[in-house]
Amino acid sequence: MQFRRLLITTAVAAGTVLPAHAGTLVEPSLHLKKSAAGETRVALTLDACGGRTDNRILSALIDNRIPATVFVTGLWLKRNAVAFALMRAHPELFEIENHGGRHVPAVDAPMKIYGIRAAGSAEAVAAEVEAGAAAITGTGTVAPRWFRGATAKYSGTALAQIKALGFRIAGYSINADGGSLLSAGATERRVAAAKDGDVLIAHINQPSHAAGAGLVKGLLALKAKGVTFVRLDDADGDGSYELDR
Ligand SMILES: [Zn+2]
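Cut-offs applied
- Residues numbered from 1 in each chain as written.
- Predicted model: local features only at pLDDT ≥ 70, side-chain atom pairs only at ≥ 80, totals over all residues.
- Heavy atoms only, no water.
- 1 Å grid on protein atoms, 1.4 Å probe; cavity = no way out; pocket = protein on both sides within 12 Å on 5 of 7 lines; lining within 4 Å.
- Points joined across faces, edges and corners; volume = space filled by probe spheres on them.
- Helix = DSSP H or I, 4+ residues; strand = E, 2+ residues; numbered from the N terminus.
- Nonpolar A, V, L, I, M, F, W, Y, C, P; charged D, E, K, R; others polar.
- Donors = N, O, S within 2.8 Å, 3.2 Å for Na, K, Ca; no water.
- Buried < 20%, exposed > 50% of the residue type's maximum accessible area, 1.4 Å probe, protein only.

Participant: What should I look at first to understand the layout of surface pockets in this one?
Facilitator: Think of a ball as big as a water molecule: rolled over the atoms, this probe shows where empty space is left. Size it by volume and the largest pocket reaches roughly 380 Å³. The volume enclosed by the second largest pocket comes to roughly 220 Å³. As for the second largest pocket, its lining consists of 13 residues, and the residues nearest its centre are Phe94, Glu95, Ile96, Thr141 and Val142. Mapped by element, the contributors of at least two residues to the lining of the second largest pocket are helix 3 (81-88) and strand 6 (94-98). Here the element with the most residues in the lining of the second largest pocket is strand 6; it accounts for 4 residues. In terms of residue class, the lining of the second largest pocket is built from 7 nonpolar, 1 polar and 5 charged.

The structure is reproduced here in structure tokens:
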């Protein structure tokens, strides 16, 4: 499949304030720039935080030729070799990117986010980012260029640090599955409502949750409407983020 190169624009989610200190978190949003050709383009991003693989999603993407950007952790890679091999067997569909080594939030101050203990220091943020990248390159696949931290929340100083390590920050514009906790119907509706330029986030590591079935239905509805699915590496942007508006 031929993909047009895209420009990506980024902004901080509405209501987020410039971090005045390391304890203030930001959650960058991400949109694809509008298509001059009038196409409707949507980027599907899937997090593989840990746990297992939702084969309902994986097989639907393969069967329907829907490309996706998959953010994997070192933890997930260790436990899901068969699913990862299936993704690697379809490089035209799956772009593999960095979700960290141990699924530790990239926040350089001690705190908990959704009950998950943050990295807590700049050194620990670097270790999380670098361990995630090493786990991916260790499989022999292409080195990741995008990073999405666990919980998708960051301290401003950690964002700058991750950029300095050479990664673009993978925000999103539609939280499709509410951390995999939404019902099938709610997930389907959120996905099916995607507009040109949207970047969807959902999870591919919760096979027992209802959200995965809804995600598949929503994606098939978008495909039936003629939506073109793109991956983040099909994008062309400078990776700069407006953190201070
Ligand atoms: Zn995650």
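Continuing now.
Participant: Any chance you could explain the coordination of the zinc ion here in plain terms?
Facilitator: As a benchmark, a tetrahedral metal site with four donors has ideal angles of 109.5 degrees, while an octahedral site with six donors has ideal angles of 90 or 180 degrees. Every protein donor of the zinc ion is accounted for by Cys49 (SG), His99 (NE2) and His103 (NE2), and the metal-donor separations fall at 2.1 to 2.2 Å. For histidine 99, a relative accessible area of 1% corresponds to the buried category. For histidine 103, a relative accessible area of 17% corresponds to the buried category.

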